[in-house]
Amino acid sequence: MYKHVIYIVLYLFLLGGCRQKKTFFIAVSQCSEDSWRTKMNSEIKREAYLYDNVRLKFASAKDDNAVQIQQIEQFIDEGADLLIVSPNEAKALTPVINKAYDKGVHVVLVDRKSASDKYTAFIGADNVAIGRAVGQYVGKRLQGKGKVFQVQGLEGSSPAVERDRGFRQALQQYPDIEIVADTYADWFAHKAKAKSEECFGKMNDIDLVFAQCDRMGLGVYQAMQERGLKDIKIVGIDALPTPGEGIEAVAEGHFLATFIYPTHGDEVLQLAMKILEGKPFQRETILETGVVDHENATIMLQQSNELMRLDAKMEGLSNRIDTSLAQYNNQKIILLLFILLVAILIISAFFLLRAYFAKVRLNDRLEEKNREIEEVTQAKLVFFTNVSHELRTPLTLIAAPIEQLLQDTRLQTQHQQLLSMAHRNVNTLLKLINQLLDFRKVENGKMTINLSSFPLIPLIHTVVAEFATTMAQRHITLSLHLDNDEMSVNLVADREKIERVLANIISNAVKYTPNGGKIEIELTHDKEENCCTICVKDSGQGIAEKDLPHVFERFYQSTNSKTGTGIGLALSKNYIDMHGGQITAESKVGEGATFTVILPLQQATPTASPTELITAQSHANVPVDVKQTTPKTVEDENKHLVNLEEEESETRRTLLVVDDNEDVCQLIKTILSPHYTILLAKDGRQGLQECGKYIPDLVISDVMMPVMDGMEFCRQLKTQTATSHIPVILLTARTMEEQRIEAYEHGADGYLTKPFTPSLLEARVSNLLDNRHRLKQVFGSKDQLEDENISHPDKEFIAKIRSEIQRNIDDADFNVERLGESVGLSRVQLYRKVKALTGYSPVELIRITRLNQAHKLLANGQLTISEVAYQVGFTSPSYFTKCFKEQFGTSPNEVKR
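Criteria and cut-off values
- Residues numbered from 1 in each chain as written.
- Predicted model: local features only at pLDDT ≥ 70, side-chain atom pairs only at ≥ 80, totals over all residues.
- Heavy atoms only, no water.
- Helix = DSSP H or I, 4+ residues; strand = E, 2+ residues; numbered from the N terminus.
- Contact = heavy atoms within 4.5 Å.
- Areas by Shrake-Rupley, 256 points an atom, 1.4 Å probe, with all protein chains shown as cover.
- Core = buried A, V, L, I, M, F, W, Y, C linked by side-chain atoms within 4.5 Å.
- Buried < 20%, exposed > 50% of the residue type's maximum accessible area, 1.4 Å probe, protein only.
- Pairing = 2+ DSSP bridges.
- Expected span 1.5 Å × (residues − 1).
- Arc of directions from axis to C-beta.

1. What to know about the overall build of the protein
1) Next: Each helix and strand in the protein was counted, giving 31 helices and 24 strands.
2) Next: Nonlocal contacts in the protein, meaning residues at least 24 apart in sequence, comprise 70% of its contacts between residues at least 6 apart.
3) Next: Surface exposure of the protein reaches about 45,500 Å², of which carbon and sulfur atoms provide 51%.

Structure follows, in structure tokens:
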């Protein structure tokens, strides 16, 4: 019952969500392929832009009755709702047109009619009327007397017959006008040229040529040019505005005139849509003609060019609209799928609470569907990746304390063994997490290999050693068949990835080998092929034949699988493929399994990418001894300078830890508090407040935090004047290279991934503080206070400080408060920032700058000591002399001499 209710709800949902406007299939069958019909097709397409429920399909018979019949038959089979047909020949096409009409397909005849009344509507010009209009025009231009050569189209076609009839009817009014030659050129220019040459060869007194289409008229003109005939006038029909057609021929003087044979493709489609939508329509639509001669040809060309330009714009707009509609439809489908998924989950949850067995059946159905849909598989990978990232933080809180406890020599042996066991399992869990993350990288195409040269046999021994204890406990015999010369097989590859491949294969062999079983590992070296082969064979139960082709597929679990994620072998195959190698599996049930890895000994020389360089630099954490600089105590008797000696009493550097996980904060505090003063903040916003208040020497921040994350915190910290100099280490579980790049782009100075070792954290902190100390020595050098080249943001800040002091050097009232106001910092912030960058307090920096300027003035010898003292801001010459001697070790008098 429940299942039926679900089906009904889903059916109604899909019925409501998938209802859409009916799309009409309109097929267009043209008898030929010329400029006139190309123009009509373009007009039909342009008009179709106004309808969102029309599908067009065009075909051209190229003047072949059989081809056009076959095309119409195909349109009928494809289920066309309406046919737009221009018959090549009326009698030949009538049967297939009647067939379409009898099957319920609407038929709109264009330009030409069939020999039957079985059609829905006709639209086109009256060819008899056009022929009559041409005859009247010719009679007037020849003033009722002359000889005419008529070039007709396809013999037997309705346009040719009707135009000839109308032309002759009109000339009956002019008995002195004689049609001296009449021929058929099948609507082709080359045939018209050949027929004209033949005619001009027989008679040379022709006054005018009437070509039933402009294309044939152009053929006549070519024949005239070749024979040097200039006095013969040409009148055509079509008046197409495209380059090289009738209107251009009139404008250039090649034709006397051409009569408009209207295409009106837009009206053709409008008529078709009225028929399909059941609206009233006119069954017979006759289009009007007109003459184009030298008086209006130029204007019509200009109008046509403007229309063509507008057509191009409309087509561009239509393409953009089509793209937008496609995007909208895709979004609508995604939204419907999402709503459908939510509805399924809600309904499923409701019934799962009421019936256990219904829950089992529904879960089985959903799991089967998940295996078939790639998007769900990707969602699973994303979920695993996110969980893996989240596991890194608790792993850090487990691994770091264990490592610190293992360093305690007072532990009993039993306690050390227990801690070592815990440490090994933490590392095992970390390897599994890294394996999941690496698999995600492979899926995204972002996995790279880091090549190095190393001997393969010692690596095999190292991997085997990891399983020695397990094999000994289960009495599994291991046989190694390796080359006697350990250096004979030297491999250029990514050592870490090859180690993981070997570990995965050997781990599977140990897992499926029964107690007392046997494992064989064999290494061979093919010098001719320059490759090596590693075979791992076990004596387990083997792999079923139906499972064997799938063992390297992701998430695949064989029928006799014990445990695992189903990605170890898939990831191993990806690693081997990246090295240009092969990995295969052979097995028979009951006889164990053999995994074979073939690797080339050499790889293409890698080129370090900028990302790899950044990654390498971020791990260059060399422990160094950080020397503390004891601040100098300077006596200042100048009443205008404030003594800040009480602020120089700090002997320990201050670190700020920003992390929303309290345990991580306490762990880092435990590691670093013996050497540093530790401040704590729970998010980026509070971290910024603490930095502005205390100006720490270094910041350690998590990335994923509420309120303000680590990236934004780092960016804002580096853009504020008071804190831009503070080094930042980002501590996170995110391991992708693009995430590292993002961190460095936001101004981070270091990037450590969880879990981390205490020694690595201490080394990185020490390294950054030592770099800052060396930078301080550059900024604070007394020899460089005036002349240091400014480029770095911190150097720019010091340059601004020096410039402000120099500008006010003769002002005795210029003090630390005014200096802070000029750079937008408080008195305390200014002290900490300047002290951190130069090693001097602002008071000392002002005094040293004034004394250096005084030394230059005294050396010039133009001013007295008192004048120099007042000029550099001292109010007491005696105090100036005392400070000068302390600074330079000599008195002002000695410098002046």
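2. Some words on the nonpolar core
1) Next: One finds Leu456, Ile498 and Leu523 to be the most contacted residues of the largest nonpolar core, which totals 43 residues.
2) Next: Residue assignment for this core shows that the elements contributing at least two residues are α15 (456-466), β15 (490-493), α17 (495-512), β16 (518-526), β17 (531-538), α18 (568-578), β18 (582-587) and β19 (593-600).
3) Next: Not counting residues within four places of it along the chain, the set of residues in contact with Leu456 comprises Val489, Leu491, Ile498, Leu523, Cys532 and Ile534.
4) Next: Among the nonpolar cores identified, the runner-up in size contains 42 residues, and Phe24, Ala125, Ile130 and Leu287 belong to it.

3. Description of the sheet that holds strand β6 (residues 145-152)
Hydrogen bonds between backbone groups are what pair the strands of a sheet, and the pairing can be parallel or antiparallel.
1) Next: As summarised here, the arrangement of the six strands in space is β7-β6-β8-β9-β10-β12, forming an open sheet in which the pairing is mixed. Among the strands making up the open sheet, the edge pair consists of β7 (176-184) and β12 (291-292).
2) Next: Sheet topology note: the strand β8 (residues 208-211)/strand β9 (residues 233-238) ladder contains three bridges and is parallel. Pairing of Phe210 across the sheet is with Val235, part of β9.

4. Digging into helix α7 (residues 189-202)
1) Next: Over its 14 residues, α7 runs 20 Å from end to end, which matches the ideal 20 Å to within 8%, given 1.5 Å per residue.
2) Next: Among the residues of α7, those classed as buried are Ala192, Ser196, Cys199 and Phe200. Down the axis of α7, the sector holding all buried residues measures 95°, keeping them to one side. Exposed residues lying more than 90 degrees from the buried face of α7 are His190, Gly201 and Lys202.
3) Next: Close packing links the buried residues of α7 with β6, β7, β8 and α8 (214-227).

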